[in-house]
Amino acid sequence: MTQDKRLEMSSNHKQQDQGSRSTEHGGARTIEFPLDLLKALYIYAKNKKKKRLHTTHYNTTNHDNNSATITVYLHTPRCNPKRSLAEVMLWAIGGPYMLLYILVAAVPSYVTFRNVEFIQQYKISKEPWPWLSSGKQLNRDDKNKDASSSEIQRQLFWKRTYKSIILDFFNLFLFIPALVHIKTIFVSSHVMSFSIEDFPAPSLQSAATLLSMGIIHEFGFYWTHRLMHMYPSLYKYHKVHHEYKQNNVLTSQHFHVIDFLVSIAFPAILTTEIVRPHGVTQLQFGLWLLTSNFDDHLGYAFPWSSVRWFPWSAGTDAHEYHHSVNMGCYGSKLSLWDWMFGTDNVCCAFTRRRDKLLHARRHGPK
């Protein structure tokens, strides 16, 4: 049930005794003007909190002996437990979906096809994966590096991986569902619809809804992410995510809980509250959001990635560049806001130089 809060004020211009007292609880009340409205709103909030009255009348008398009646209609919203549970379960899909993505996309790229040139040509970083190279192998590649230093880096990587597993599990399986549950309690004016009657059939309206969700979410993520880099008081939380210089899929949810709340959960829940999509539309958007996030941190820029097939899509190498230099490219799924606010200039120049060098190596100088 939507929350109906109406204040009706009707002046009857009848004289009343200014010294009249308030009647019993729930009846007509006479209070001094001009504090009448403030008192009415205070009693409204008090009764709403205690879930008492649904309709309350207040008679107010001003100094001109003109009375006014304030009618407050209280309808305490009741949250549908089944629909709230369905919304929580919908947002909790991130954990199982990440496990599926690891099995389908990450494991084949990292392990199964690690020696297949066709796959490895799309690897962004030229550094070998830490779990595939031993300290001695790294020492052969660079005579000036100490093997013991490489082994220390490997130990740090596995320690960081253990930390990532804990953070990923907490953020996806516990924190996001808990936040959505809290939202359904305190923002019960909108409970997501899962009805077949208003099922979003494929149409221009459904496409427009998904497009608007993508633009709004990316705008929120861009600015929360950028603020995390601008202020040291916020970056101390965001630097946890930047512990990885060479991304892998576990990096995608490797966030401090404060950073996850501000830059990940807040834009997602805010987008849902603004657009208020159907449950099926939210599922479609959520899967695209998760796929894009995992793809951002996969470490491979596959041209067949389905989340990169539309205008203004941000490439995986752009986010990899952001992690390597810790600046610019604050967007994730779209490059629209980076282009609009000029925070992709350095990355674009770097990409042009890199492509030029790669072209020269493959085809020789012009």
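Residues numbered from 1 in each chain as written. Predicted model: local features only at pLDDT ≥ 70, side-chain atom pairs only at ≥ 80, totals over all residues. Heavy atoms only, no water.

(A) Main features of the pattern of salt bridges. Applying the stated rule across the entire model yields 3 salt bridges. One salt bridge in this structure joins glutamate 273 and lysine 183, with 2.9 Å as the shortest N-O distance. Note that glutamate 273 is positioned in helix H9 (residues 257-275) and lysine 183 in helix H6 (residues 147-186), a separation of 90 residues in sequence. For the pair formed by glutamate 273 and lysine 183, the shared burial category is buried. The network of salt bridges with shared partners includes Glu87, Lys183 and Glu273. (Salt bridge = Lys/Arg side-chain N within 4 Å of Asp/Glu carboxyl O. Helix = DSSP H or I, 4+ residues; strand = E, 2+ residues; numbered from the N terminus. Buried < 20%, exposed > 50% of the residue type's maximum accessible area, 1.4 Å probe, protein only.)

(B) Fine view of helix H10 (residues 279-296). For H10, spanning 18 residues, the distance from its first C-alpha to its last is 25 Å, which sits close to the expected 26 Å at 1.5 Å a residue. The buried fraction of H10 is high, at 13 of 18 residues. (Expected span 1.5 Å × (residues − 1).)

(C) The packing of aromatic side chains, seen in detail. Inspection of the entire model under this criterion finds 23 aromatic pairs. Relative to phenylalanine 341, the ring of tyrosine 222 has its centre 5.5 Å away and its plane inclined at 20°; by these criteria the two rings are stacked. With a gap of 119 residues between them, tyrosine 222 in helix H7 (residues 204-230) and phenylalanine 341 in helix H12 (residues 336-341) connect regions that are remote in the sequence. We note lysine 123 situated over the ring of tryptophan 129; from NZ or CZ to the ring centre the distance is 4.4 Å. Directly above the ring of tyrosine 244 sits arginine 160, whose terminal nitrogen or CZ lies 5.4 Å from the centroid. (Phe/Tyr/Trp six-rings, centres within 6.5 Å; stacked < 30°, edge-to-face > 60°. Lys NZ or Arg CZ within 6 Å of the ring centre and 35° of its normal.)

(D) Spatial organisation of the side chain of aspartate 168. Mapped onto the elements, aspartate 168 comes out in helix H6. Buried charge without a salt bridge: aspartate 168, with lysine 163 as the nearest opposite-charge side chain at an N-O distance of 11 Å. Leave out the neighbours within four places in its chain, and aspartate 168 touches Met98, Phe173, Leu250, Gln253 and His254. (Lys, Arg positive; Asp, Glu negative; His and termini not counted. Contact = heavy atoms within 4.5 Å.)

(E) Seen up close, H9. Taking 1.5 Å of rise per residue, 19 residues should cover 27 Å, and H9 covers 26 Å from first to last C-alpha, within 8% of that figure. Along its length, H9 shows its largest kink, about 40°, at alanine 265, and proline proline 267 lies within four residues downstream of that point. The set of residues buried in H9 consists of Asp259, Phe260, Ser263, Ile264, Ala265, Pro267, Ala268, Ile269, Thr271, Thr272 and Glu273. Two residues or fewer after H9 comes arginine 276, characterised by a positive phi angle close to 55°. (Bend = angle between axes of the 7 residues up to and from the residue.)

Keep in mind these numbers describe shape, not what the thing actually does.
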